[in-house]
Amino acid sequence: MKGKVYKILAAVKDPEIPVLTLEDLGVIRDVNVLNDDEVEVKITPTYTGCPATDVMEEEIRLALFVAGFSKIRITQVISPAWTTDWLSQKGREKLIEYGIAPPVEGQAKTALLEDISVPCPRCGSEDTKMISAFGSTACKALFQCQSCREPFDYFKCHA
Amino acid sequence: MNNKAMLFDYVLHLADNQVIMAQRLSELCGHGPALEQDIAITNISLDLIGQARLLFQYAGKLDGRDEDQLAFLRDVHEFRNVLLVEQPNHDFAHVIVRQYLFDEFNFLNYQALCQSKDEDLAAIATKALMEVKYHRRFSRNWMLRLGDGTAISRQKMQDALNDLWSYPGEFFEMTGGEEILAKAGIAADVASMKPTWLANVTQTVKEASLVIPEGDWHQTGGKKGIHSEHLGHILAEMQFLQRAYPGQTW
Ligand SMILES: [Zn+2]
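## As for the packing of helix α5 (residues 119-147) of chain B against helix α6 (residues 151-164) of chain B
Residues and elements named next belong to chain B.
Reasoning step 1: Here α5 crosses α6 at 125 degrees, and the two axes come no closer than 7 Å. The angle between the axes of α5 and α6 places the two elements in the oblique class. Contact with α5, carried on its side by W142, M143, L146 and G147, involves S153, R154 and M157 of α6 and no other residues of that element.

## A closer look at the interface of chain B and chain A
Size of an interface: often given as the accessible area lost when the parts come together.
Reasoning step 1: Every contact between the two is made by 22 residues of chain B and, on the other side, 27 residues of chain A.
Reasoning step 2: Interface area for chain B against chain A, summed over the two sides, is near 2,100 Å², with a carbon-plus-sulfur share of 65%.
Reasoning step 3: The tally of links between chain B and chain A comes to one salt bridge.
Reasoning step 4: Between R53 of chain B and D54 of chain A there is a salt bridge, with the nearest N and O atoms lying 3.5 Å from each other.
Reasoning step 5: For the pair chain B and chain A, the interface holds seven residue pairs in polar contact (both at pLDDT 80 or more).
Reasoning step 6: If you list the elements that add at least two residues to the side of chain B that touches chain A, you get α2 (35-63) and α5 of chain B.
Reasoning step 7: Its residues placed into classes, the side of chain B that touches chain A shows 10 nonpolar, five polar and seven charged.

## So, the sheet that holds strand β2 (residues 38-43) of chain A
All names here are of chain A.
Reasoning step 1: Read across the sheet, three strands follow the order β1-β2-β3 without closing on themselves; strand pairing throughout is mixed. Each edge of the open sheet carries a strand with a single partner, namely β1 (28-33) and β3 (71-76). Adjacent strand axes in the sheet meet at a mean angle of 15 degrees when their direction is disregarded.
Reasoning step 2: Bridge count between β1 and β2: five bridges; the pairing is antiparallel. Counterpart to I28 in the pairing with β2 is I43.

## Some words on the nonpolar core
Reasoning step 1: Y154 of chain A together with L101, L121 and W197 of chain B are the most contacted members of the largest nonpolar core, which has 96 residues in total.
Reasoning step 2: If near-sequence neighbours (up to four positions away) are discounted, L101 of chain B is found in contact with L84, L164, W165, P168, F171, W197 and V201 of chain B.
Reasoning step 3: The next biggest cluster of nonpolar side chains, apart from the first, holds 30 residues, and it includes Y47, W82, A138 and C139 of chain A.

## A short note on the coordination of the zinc ion
All names here are of chain A.
Reasoning step 1: Donor atoms from the polypeptide that bind the zinc ion are C120 (SG), C123 (SG), C145 (SG) and C148 (SG), placed at 2.3 to 2.4 Å.
Reasoning step 2: Note that the zinc ion binds four donor atoms; their angles at the metal cover 103 to 116 degrees, and the shape is tetrahedral.
Reasoning step 3: One chain supplies every donor to the zinc ion, and in sequence these donors are spaced C-x2-C-x21-C-x2-C.

## A short note on the sheet that holds strand β5 (residues 128-132) of chain A
Residue and element names in this part refer to chain A.
Reasoning step 1: Ordered in space as β4-β7-β6-β5, the four strands form an open sheet in which the pairing is mixed. The strands lining the two open edges of the sheet, one partner per strand, are β4 (100-101) and β5.
Reasoning step 2: Both β4 and strand β7 (residues 151-155) contribute to a ladder of two bridges, which runs parallel. Across the sheet, residue I100 finds its bridge partner in β7, namely D153.

## Comments concerning the domain arrangement of chain A
All names here are of chain A.
Reasoning step 1: Domain annotation for chain A reports domain 1 (2-76) and domain 2 (100-155).
Reasoning step 2: Just the C-alpha atoms count here: the centres of domain 1 and domain 2 sit 29 Å apart.
Reasoning step 3: On the side of domain 2, six residues touch domain 1, which itself brings four residues to the contact.
Reasoning step 4: By the criterion of area lost to domain 2, the three top residues of domain 1 are E16, I17 and Y47, representing 84% of everything that side buries.
Reasoning step 5: The interface formed by domain 1 and domain 2 holds zero residue pairs in polar contact (both at pLDDT 80 or more) in total.
Reasoning step 6: Split by residue class, the side of domain 1 that touches domain 2 holds three nonpolar, no polar and one charged.

## Quick word on the pattern of salt bridges
Reasoning step 1: Using the criterion set out here, one finds 16 salt bridges over all chains in the structure.
Reasoning step 2: As a salt-bridge pair, R73 of chain A and E40 of chain A come within 3.9 Å of each other at their nearest N and O atoms. Separated by 33 residues along the polypeptide, R73 of chain A in strand β3 and E40 of chain A in strand β2 bring together distant segments of the chain.
Reasoning step 3: Under the relative-accessibility criterion, R73 of chain A is labelled partly exposed at 45%.
Reasoning step 4: One salt-bridge network, in which partners are shared between bridges, spans D54 of chain A together with R53 and E67 of chain B.

## Some words on a nonpolar patch on the surface
Reasoning step 1: Taken together, the side chains of F240, L241 and Y245 of chain B make up a nonpolar region of the molecular surface, amounting to roughly 350 Å² of accessible area.
Reasoning step 2: Examined against the element boundaries, Y245 of chain B turns out to sit in the segment after α10 (240-244).

## A short note on the side chain of S153 of chain B
Reasoning step 1: Along the chain, S153 of chain B turns up in helix α6.
Reasoning step 2: A polar atom in the side chain of S153 of chain B sits 2.6 Å from the backbone oxygen of L146 of chain B.

## Topic: helix α7 (residues 176-183) of chain B
Residue and element names in this part refer to chain B.
Reasoning step 1: For α7, the full list of buried residues reads G177, E178, L181 and A182. Each buried residue of α7 lies within a common arc of 135 degrees when the element is viewed along its axis, so the set occupies one face.
Reasoning step 2: Looking one or two places after α7, you find G185, whose phi comes out positive at around 80 degrees.

## Comments concerning the environment of V211 of chain B
All names here are of chain B.
Reasoning step 1: Topologically, V211 is positioned in the loop between α8 (194-207) and α9 (230-238).
Reasoning step 2: V211 gets classed as partly exposed once you look at its relative accessible area, which sits at 49%.
Reasoning step 3: In the structure, V211 is positioned 54 residues away from M157 in sequence and 9.9 Å away in space, judged by C-alpha atoms.
Reasoning step 4: Contacts of V211, omitting those with residues within four sequence positions, involve Q158, L161 and V205.

What counts and how
Position labels on residues start from 1 in each chain and follow its written sequence. Written order determines the labels here, with chains lettered from A and ligands numbered from 1. A pLDDT threshold of at least 70 governs which residues receive local features in this predicted model, and a stricter bar of 80 or more applies before side-chain atom pairs are shown or counted, although totals over entire chains, interfaces and linings include all residues. Just so you know, side-chain values use all the structure's heavy atoms and leave hydrogens and water out. Interaxial angles span 0 to 180 degrees and are taken between N-to-C directions of axes, which are lines fitted to C-alpha atoms, for helices over the stretch in contact. In this text, helices come from DSSP runs of H or I with a minimum length of four residues, and strands from runs of E with a minimum of two, each type numbered from the N-terminal end. An angle counts as roughly parallel when it lies under 35 degrees, as roughly antiparallel when it exceeds 145, as roughly perpendicular when it falls between 65 and 115, and as oblique in every other case. Any pair of residues with heavy atoms lying within 4.5 Å of one another is described as a contacting pair. Put simply, buried area is the surface a 1.4 Å probe can reach on two separate parts but cannot reach once they are joined, added for both. For this analysis, a salt bridge means a side-chain nitrogen from Lys or Arg found within 4 Å of a carboxyl oxygen belonging to Asp or Glu. Pairs of N or O atoms are called polar contacts if they sit within 3.5 Å, as long as, within protein, a hydrogen donor faces a hydrogen acceptor (for residues adjacent in sequence, only side-chain-to-side-chain pairs). When residue character is reported, Ala, Val, Leu, Ile, Met, Phe, Trp, Tyr, Cys and Pro are called nonpolar, Asp, Glu, Lys and Arg charged, and the others, Gly included, polar. Criterion used throughout: strands pair if DSSP finds at least two bridges between them. Throughout, nonpolar core names a set of buried Ala, Val, Leu, Ile, Met, Phe, Trp, Tyr and Cys residues whose side chains join them through atoms within 4.5 Å. Only protein chains enter the area calculation, which uses a 1.4 Å probe; residues under 20% of their type maximum are buried, those over 50% are exposed, and those in between are partly exposed. Nitrogen, oxygen and sulfur within 2.8 Å of a metal are treated as its donors, or within 3.2 Å for sodium, potassium and calcium (Na, K, Ca); water is not counted, so a site can appear incomplete. Under the classification used here, a metal with four donors is tetrahedral if each angle lies between 85 and 135 degrees, square planar if opposite donors are over 155 degrees apart and the others between 65 and 115, a six-donor metal meeting that same test is octahedral, and anything else is irregular. An automatic or database domain assignment supplies the start and end points of every domain. Within the patch definition used here, like charges are joined within 9 Å and nonpolar side chains (Val, Leu, Ile, Met, Phe, Trp, Tyr) within 5 Å, considering only residues with over 30% relative accessible area and no salt bridge. Computed by Shrake-Rupley with a 1.4 Å probe, the accessible areas treat only the displayed protein chains as cover when residues are assessed. The arc under discussion is defined with respect to the helix axis, by the directions toward the C-beta atoms.

The structure is reproduced here in structure tokens:
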């Protein structure tokens, strides 16, 4: 039963980056099936002010309701805090395909946006520059590729 | 005052700092000097609203009111934010200087709170600190760019710094309850942060070719509920909907 619920949740999409599922984002912390029609879901918000969190909760509710649960409790767990390290490998690949550069890994992630090299998700060139530290959503910065000249979003490190 | 009331007051102070700063910044949504700055300021505002929500939700657990009641149904004298965050936007130089002075403090304060013995506060601070790092980077870069820019931008930045310099002193004042909570390892010991804050700010101000204004005197009152005339105007706008249509939700 728990596995079934997990599968349903895993397929719910991030409302702002619809190629990612909640599983890719790594926001599902725990599932407790309390009864045949009662379930508790624990999720960790990505950014404190992210409006997508409320929409995600509604979509979880809807998916579970359709699956036959009538009593759905969603609890936010803020500790340990979500970090971009929780993005799955599959999620990172989907981001590149979608045209968003995934957060850099390793040592560089503590450097914020200074001195990091973000490869262009379109042509792979390392010759890119930051246009704006804040982008279209709370999680993104705006970059431009110097080789193919395309602007692109970068999923900022949060750690 | 018992421990619970002291903690409530303290959490409310933290929440009020974020929500009033956020409300001020939100006034610039659609009015930023350029598209990128407009988006940046709005994003920072949104982060601070998110942080305020977590803090209000926690305060509400101690008090029984919900986050909306705490944000929208308290009057001026019940707000505990520092006076700096309610100061008007005036011009972009004032926005940046105000933000930078606040970000340097917010960063140190959250950093200390990550070690709080209160698990809820530590969890909120850990999350918030990740965001404030980006805010501080933004405001610091603009301090440097405008301070070290043209003669006009430098003059505007110096004027803003002179205007706002009497406010940050209040960051480091502690109420009686805060001192007790700090001794218990729950609240941050803000008084001890002043030298680090001043060293960081002095470094940036110098790098920006600006001058730290003279004088040690500072404004005070916000943490005790005594505010400048500006807060009433902010609340009139921020609270309008809940006052006119009580209990409305999205
Ligand atoms: Zn490219």
